[in-house]
Structures are given as C-alpha cells and as structure tokens.
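# Commentary on secondary and tertiary structure
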Amino acid sequence: MSDSINHRGIIDRIEGDTLFVRIIQQSACAGCHAKGMCSASESKEKIIEVRDNSHQRDNSHQYTINEEVILTGKTSLGLKAVLLAFVIPVFIVVGTIIVGNISGWDEASSALASLMVLVPYYGVLYLLREKLKRTFVFTLKKLN
C-alpha cells in the first residue's frame with residue numbers, strides 16, 4: 001500500500017500564498033465500463049486549499065491558474081480523517097444507544113439522544129477547523 005494519496009487537479013484560483021485546487025472525487029466504481037448504465041457511480045467536484053510557500057523565496061508563483069497538477073497527501077492523514085468523520089461518531093451513536101437502553105429509555109429516546117450527541121461533536125470539529133487545516137497538509141507537484 002502506498003504511503004501517499006494522489007489526485008489530479010486544476011488550479012482554480014490563487015489568493016496570496018493559498019492555492020485553490022479543483023479535483024474530481026470519484027466513487028470506486030467510476031472506472032467501470034458499465035457506469036453509464038448504473039446509478040451507483042458518482043463523482044463530486046471538490047476545492048482543496050493548499051499553501052504555496054515557493055513564491056516567498058523568489059516573490060513569484062510557481063503555479064498558474066488552470067494549470068493541471070498532482071495533489072498529494074499522506075495516507076495516514078486520510079485514515080485520520082475517516083476516523084474523525086466516521087468511526088468516532090459511530091462509536092458515539094452506539095455508545096449512547098447502549099447507555100440509553102441500560103438507563104431504561106425507550107428505543108426512540110435512545111436513538112434521538114444518540115443523534116443529538118453528534119451535534120456537539122461535529123460542533124467541536126468545526127471550531128477546531130483551523131487547527132485541522134494545519135494538520136491535513138497537501139502538497140502540489142507539477143504534471144509532467
């Protein structure tokens with residue numbers, strides 16, 4: 001397994017030392033020859049922010065708008081993102097349902113409480129978004 005995740009992208013805009021790269025995120029079956037007939041295949045366009053420190057050395061940008069690039073991130077960061085966005089919330093939901101059932105709540109109350117507990121969790125993630133941006137760092141490479 002590779003230790004990096006690579007996506008082809010196009011530089012959408014440049015603001016100071018921040019590059020905004022547009023990528024097409026495709027589902028796993030996007031490469032299937034029957035995808036035109038299947039409703040399961042999908043793709044989404046995403047904009048990724050990338051810091052460009054190269055222009056600080058010579059006061060010019062190494063990249064230009066509409067340039068095709070390779071966006072690279074560490075696999076470990078992808079796994080950390082999945083942990084924060086999906087795995088921990090599942091444990092929170094299941095744990096809250098178990099605690100609710102042990103406490104004698106009816107199933108509807110346990111289910112509602114488990115969903116309500118996710119609101120502060122995702123709220124905390126939202127408040128920590130600037131710190132998470134510094135954690136989830138991507139690099140750019142010119143396309144040959």
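Residues numbered from 1 in each chain as written. Predicted model: local features only at pLDDT ≥ 70, side-chain atom pairs only at ≥ 80, totals over all residues. Heavy atoms only, no water.

### Concerning the overall build of the chain
- Counting its secondary structure elements, the chain contains four helices and five strands.
- Counting helices and strands in the order they occur from the N terminus, the chain gives β-β-β-α-β-α-α-α-β.
- A total of 144 residues make up the chain; the buried ones form 24% of that total.
- Partitioning the intrachain contacts of the chain with sequence separation of at least 6 by distance along the chain shows that 68% fall at a separation of at least 24.
- With an accessible surface of roughly 10,300 Å², the chain has 60% of that area assigned to carbon and sulfur atoms. (Helix = DSSP H or I, 4+ residues; strand = E, 2+ residues; numbered from the N terminus. Buried < 20%, exposed > 50% of the residue type's maximum accessible area, 1.4 Å probe, protein only. Contact = heavy atoms within 4.5 Å. Areas by Shrake-Rupley, 256 points an atom, 1.4 Å probe, with all protein chains shown as cover.)

### Topic: the packing of aromatic side chains
- Following the criterion strictly, the structure yields one aromatic pair and no others.
- Ring centres of Y121 and Y122 lie 5.3 Å apart, and the angle between their planes is 75°; on these two criteria the pair is classed as edge-to-face.
- In this structure, R13 packs its charged tip against the face of F20, placed 3.8 Å from the ring centre.
- The aromatic ring of Y126 is capped on one face by R129, whose charged end is 4.0 Å from the ring centroid. (Phe/Tyr/Trp six-rings, centres within 6.5 Å; stacked < 30°, edge-to-face > 60°. Lys NZ or Arg CZ within 6 Å of the ring centre and 35° of its normal.)

### Considering the nonpolar core
- I11, L19, V21, I23, I48, V50, Y63, V69, L71 and L140 together form the largest nonpolar core, which totals 10 residues.
- For this core, the secondary-structure elements that each account for two or more residues are strand 2 (18-26), strand 3 (43-51) and strand 4 (68-74).
- Per-element tally for this core: the top contributor is strand 2, with three residues.
- Setting aside residues no more than four positions away along its own chain, V69 makes contact with H7, R8, G9, I11, V21, Y63, L140, K141 and L143.
- Counting five residues, the second largest nonpolar core, distinct from the first, contains L77, Y121, L125 and F136. (Core = buried A, V, L, I, M, F, W, Y, C linked by side-chain atoms within 4.5 Å.)

### Looking at the pattern of salt bridges
- Tallied over the entire structure, the rule returns seven salt bridges.
- E68 is paired through a salt bridge with R8; the nearest N and O atoms lie 2.8 Å apart. Of this pair, E68 sits in strand 4 while R8 sits in strand 1 (residues 4-15), and the two are 60 residues apart along the sequence.
- Taking relative accessible area as the criterion, E68 reaches 36% and is therefore assigned partly exposed. (Salt bridge = Lys/Arg side-chain N within 4 Å of Asp/Glu carboxyl O.)

So yeah, pure geometry; function would need other evidence.
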